Amino acid sequence: MASRSARKRPAANAMLLPEAGVSRLSPLAQQRDEMLRGLPSEQPDWETQLLDMFDGELGFIALTLGVKAITLNLWCDCGGLLVEVFALKRLAKRLKERTSLEVAIKVFTACEIKADLRGFIQENHDPKHLSDDVLNRDWVRGRFESKTIDEWVDFPSVGIDVYVAGFPCGPWTPSGLRKGLSDPASQQCFATIKTIRILQPGLYMLENVMECTKANKGQDFKEIFGFVKAELPNYANTATLAIDPTQRRYPMFRKRVLVQGGNSAGVKQELLIMYVGKVLANPLPLTVTYWDFLQSVSYTHLRAHETDSYLVCRLLLE
């Protein structure tokens, strides 16, 4: 039998490390920190690379806008931790250092079903409204339930700059039921699209796993994207397939599909496609892998903590 070469392990780096000052709530987290000691602690510097890519455009904007500060208003559905807000704030910080243009990131509404995550969102992002169910909306009257004030309020018809949603992947991913569009959870996808229709943001982004595009011989995604085009005829709607987080030095090979669009009132489709393509064509190289991590864990340490492969997995994922 021909010998097979060892498979390169998926990447990992200090994104596994908590930020300074974050409390450690479990012994597993403490053990993980000990095991990761010695690995790089910096986060990928993707924002500097991004600004370098568009340095010419940024210079032009800084000269022609004639303003020192702007505000981006976000609406985030199926929010989780609202990692997109953290990313935008990092980008805004570097942008200010380079151009003196101050961009404030404000969350108008965030929707998340899990109560503990809503608490995290409230503490870290201070949204004007919090809601707990993207389906609990009145599409005819244009209203949604705000848990912040325990009242139904009108959708804003103007003022939302960016809409982001990572609708549930359970209907398609192997870790879910894989029932596709017959899964009730898939309706949250269509709810996000109807929300975009009402809000009319400048830009929108919908994210999911690649299995979404392959299920039912591609018919599920065909129906979803058909609904996008029907509900958002005034948008330049595009789908970018197989986005790989390792392109920005993050330790994850699980590829995604991104459906994005720009309101034709202010976004040109050819520019949107060009800029997305430019970002994807300029990846950041990986520097540390899971294999490097496992090699950094001494046998003595594992034995002292009675750690087996299952515990190692839990240490990585917690």
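Rules behind the numbers
- Residues numbered from 1 in each chain as written.
- Predicted model: local features only at pLDDT ≥ 70, side-chain atom pairs only at ≥ 80, totals over all residues.
- Heavy atoms only, no water.
- Pairing = 2+ DSSP bridges.
- Helix = DSSP H or I, 4+ residues; strand = E, 2+ residues; numbered from the N terminus.
- Expected span 1.5 Å × (residues − 1).
- Buried < 20%, exposed > 50% of the residue type's maximum accessible area, 1.4 Å probe, protein only.
- Arc of directions from axis to C-beta.
- Phe/Tyr/Trp six-rings, centres within 6.5 Å; stacked < 30°, edge-to-face > 60°.
- Axes fitted to C-alpha atoms, helices over the stretch in contact; angles between N-to-C directions.
- Parallel < 35°, antiparallel > 145°, perpendicular 65-115°, else oblique.
- Left-handed = near helix turned anticlockwise from the far one by under 90°.
- Contact = heavy atoms within 4.5 Å.
- Nonpolar A, V, L, I, M, F, W, Y, C, P; charged D, E, K, R; others polar.
- 1 Å grid on protein atoms, 1.4 Å probe; cavity = no way out; pocket = protein on both sides within 12 Å on 5 of 7 lines; lining within 4 Å.
- Points joined across faces, edges and corners; volume = space filled by probe spheres on them.
- Polar contact = N/O pair within 3.5 Å; in protein donor to acceptor, adjacent residues only side chain to side chain.

(A) A look at the sheet that holds strand 5 (residues 143-146). What the 3 strands build is an open sheet, ordered 4-5-6; its pairing is antiparallel. The two strands at the open ends of the sheet, each matched to only one other strand, are strand 4 (137-138) and strand 6 (151-154). Direction of pairing for strand 4 relative to strand 5: antiparallel, over a ladder of 2 bridges. Paired with arginine 137 across the two strands is phenylalanine 144, which belongs to strand 5.

(B) Inspection of helix 4 (residues 83-99) at higher detail. Helix length check: helix 4, at 17 residues, gives a terminal C-alpha distance of 24 Å against a target of 24 Å (1.5 Å per residue), a fit within 8%. Those residues of helix 4 that fall on the buried side of the exposure criterion are Glu84, Val85, Leu91, Ala92 and Leu95. Down the axis of helix 4, the smallest arc covering the buried residues is 125°, so these residues share one side. More than 90 degrees from the buried face of helix 4, the exposed residues found are Val83, Lys93 and Glu97. Just beyond helix 4, the residue with positive phi is serine 100, at close to 70°.

(C) Broad picture of the packing of aromatic side chains. In this structure the tally under the stated criterion is 11 aromatic pairs. With a centroid separation of 5.0 Å and an interplanar angle of 70°, the aromatic rings of tryptophan 75 and phenylalanine 144 are classed as edge-to-face. Of the two residues, tryptophan 75 is situated in strand 1 (residues 69-77) and phenylalanine 144 in strand 5; the sequence distance between them amounts to 69 residues. In terms of burial, tryptophan 75 and phenylalanine 144 fall into one category: buried.

(D) Broad picture of the sheet that holds strand 1. The 7 strands are arranged 3-2-1-7-8-10-9 in an open sheet whose pairing can be described as mixed. In the strand order of this sheet, the two ends are held by strand 3 (129-131) and strand 9 (235-243), each with one partner. Averaged over all adjacent pairs, the angle separating strand axes in this sheet is 20°, with direction ignored. Pairing analysis gives 8 bridges linking strand 1 to strand 2 (residues 102-111), with the strands arranged parallel. Of the residues in strand 2, the one forming a bridge with leucine 72 is isoleucine 105.

(E) Highlighting the packing of helix 2 (residues 46-53) against helix 4. Packing of helix 2 against helix 4 leaves a shortest axis separation of 9 Å and a crossing angle of 55°. Here helix 2 is positioned oblique relative to helix 4, judged by the angle of their axes. Remark: the crossing between helix 2 and helix 4 carries right-handed chirality. Along the contact surface, helix 2 presents Trp46, Glu47, Thr48, Leu50, Leu51 and Asp52, while helix 4 presents Ala87, Arg90, Leu91, Arg94, Leu95 and Arg98. Considered class by class, the residues forming the contact of helix 2 with helix 4 number 6 nonpolar, 1 polar and 5 charged.

(F) Empty space enclosed by the protein, seen in detail. For the coordinates displayed, the defined rule picks out 1 cavity of 30 Å³ or more. If you add up the space inside the largest cavity, you get close to 50 Å³. Forming the boundary of the largest cavity are Phe167, Leu206, Glu207, Asn208, Cys212, Phe221, Ile224, Val228, Val257 and Val259.

(G) View of the side chain of glutamine 260. As for its placement among the helices and strands, glutamine 260 is situated in strand 10 (residues 256-263). Polar contacts involving the side chain of glutamine 260 include one to the side chain of threonine 238, which spans 2.4 Å. For glutamine 260, the side chain forms a polar contact with the side chain of threonine 240, separated by 3.1 Å. Apart from the residues lying within four places of it in its own chain, the contact partners of glutamine 260 are Tyr204, Met205, Ala236, Asn237, Thr238, Ala239, Thr240 and Leu272.

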